[in-house]
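So you can see what is in the structure, the chains are spelled out below.
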Amino acid sequence: MTFVLILVSAVIIASLLVALLLMARCDDLSRTVLSDVIFFGAVGLFLVYSLGNRTTITYEVAVFAGVLSILSSVANSRIMVGGQR
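Once a new chain begins, its residue numbering starts again from 1 and follows that chain's sequence as written. Local features in this predicted model are restricted to residues of pLDDT 70 or higher, and side-chain atom pairs are both shown and tallied only at a pLDDT of 80 or more, whereas totals for entire chains, interfaces and linings draw on every residue. The basis for every side-chain value is the complete set of non-hydrogen atoms in the structure, without hydrogens or water.

Draft legend 1. Summary view of the environment of Val37. Strands here mean DSSP runs of E at least two residues long; helices mean DSSP runs of H or I at least four residues long; both are numbered from the N terminus. With respect to the helices and strands, the residue Val37 is situated in helix H2 (residues 28-52). As a C-alpha pair, Val37 and Leu71 span 34 residues in sequence and 14 Å in three-dimensional space. In what follows, residue pairs with any heavy atoms lying within 4.5 Å of each other are defined as contacts. Excluding residues within four positions of it along the chain, Val37 makes contact with Leu16 and Ala19.

This is how it looks when you write it as structure tokens:
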């Protein structure tokens, strides 16, 4: 089980590093999408961490991250269309 968690964490970290490298080379619209990717990667890393180490606030953090992910996606879509509805 520990090997699987380490492997999954390594894949998530590698994808976060690729997203950071792409952010340095892309235009503004792509950066907004990649910021969402980085946020979801951070949430994924926390959830993988919580599978290996039991914490008392895992459920609350996961729900809070879910709510923020919806708001983040809506805000990014508004940025991409220039604030129009």
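Draft legend 2. Up close: the packing of helix H1 (residues 2-25) against H2. Note on geometry: axes are C-alpha line fits, over the in-contact stretch for helices, and angles between N-to-C directions span 0 to 180 degrees. In contact at an axis separation of 9 Å, H1 and H2 are set at 165° when each is read in the N-to-C sense. By the angle between their axes, H1 is roughly antiparallel relative to H2. At the point where H1 passes H2, the crossing takes the left-handed sense. The residues of H2 that touch H1, namely those facing Leu5, Val8, Ser9, Ile12, Ile13, Leu16, Ala19, Leu20, Leu22, Met23 and Ala24, are Arg31, Leu34, Val37, Ile38, Gly41, Ala42, Gly44, Leu45, Val48, Leu51 and Gly52. Here the word oblique covers every angle except those under 35 degrees (roughly parallel), over 145 (roughly antiparallel) and from 65 to 115 (roughly perpendicular). In this scheme the handedness of a crossing depends on how the near helix is turned from the far one: anticlockwise by less than a right angle means left-handed, clockwise means right-handed.

Draft legend 3. Up close: the side chain of Ser50. Looking at where Ser50 falls in the secondary structure, it is placed in helix H2. Here a polar contact means two N or O atoms within 3.5 Å. Within protein one must be a hydrogen donor candidate and the other an acceptor candidate, and residues neighboring in sequence count only if both atoms are side-chain atoms. One polar contact links the side chain of Ser50 to the main-chain carbonyl oxygen of Leu47, over a distance of 2.8 Å.

Draft legend 4. Examining H2 more closely. Under the convention used throughout, the expected extent of a helix is 1.5 Å for every residue step, that is, one less than its residue count. Between its first and last C-alpha, H2 extends 37 Å over 25 residues, near the 36 Å set by a 1.5 Å rise per residue. Throughout this description, buried means an accessible area under 20% of the type-specific maximum (1.4 Å probe, protein chains only), exposed means over 50%, and partly exposed covers the range between. Along H2, the residues classified as buried are Thr32, Leu34, Asp36, Gly41, Gly44, Val48 and Ser50.

Draft legend 5. Region of interest: the confidence of the model for the chain. The predicted model of the chain averages 86 in pLDDT, with 99% of residues at 70 or higher. When the elements of the chain are averaged for pLDDT, helix H3 (residues 58-80) gives the smallest value, 83, and H1 the largest, 92. On a scale of 0 to 100, pLDDT captures the predictor's confidence in every residue.

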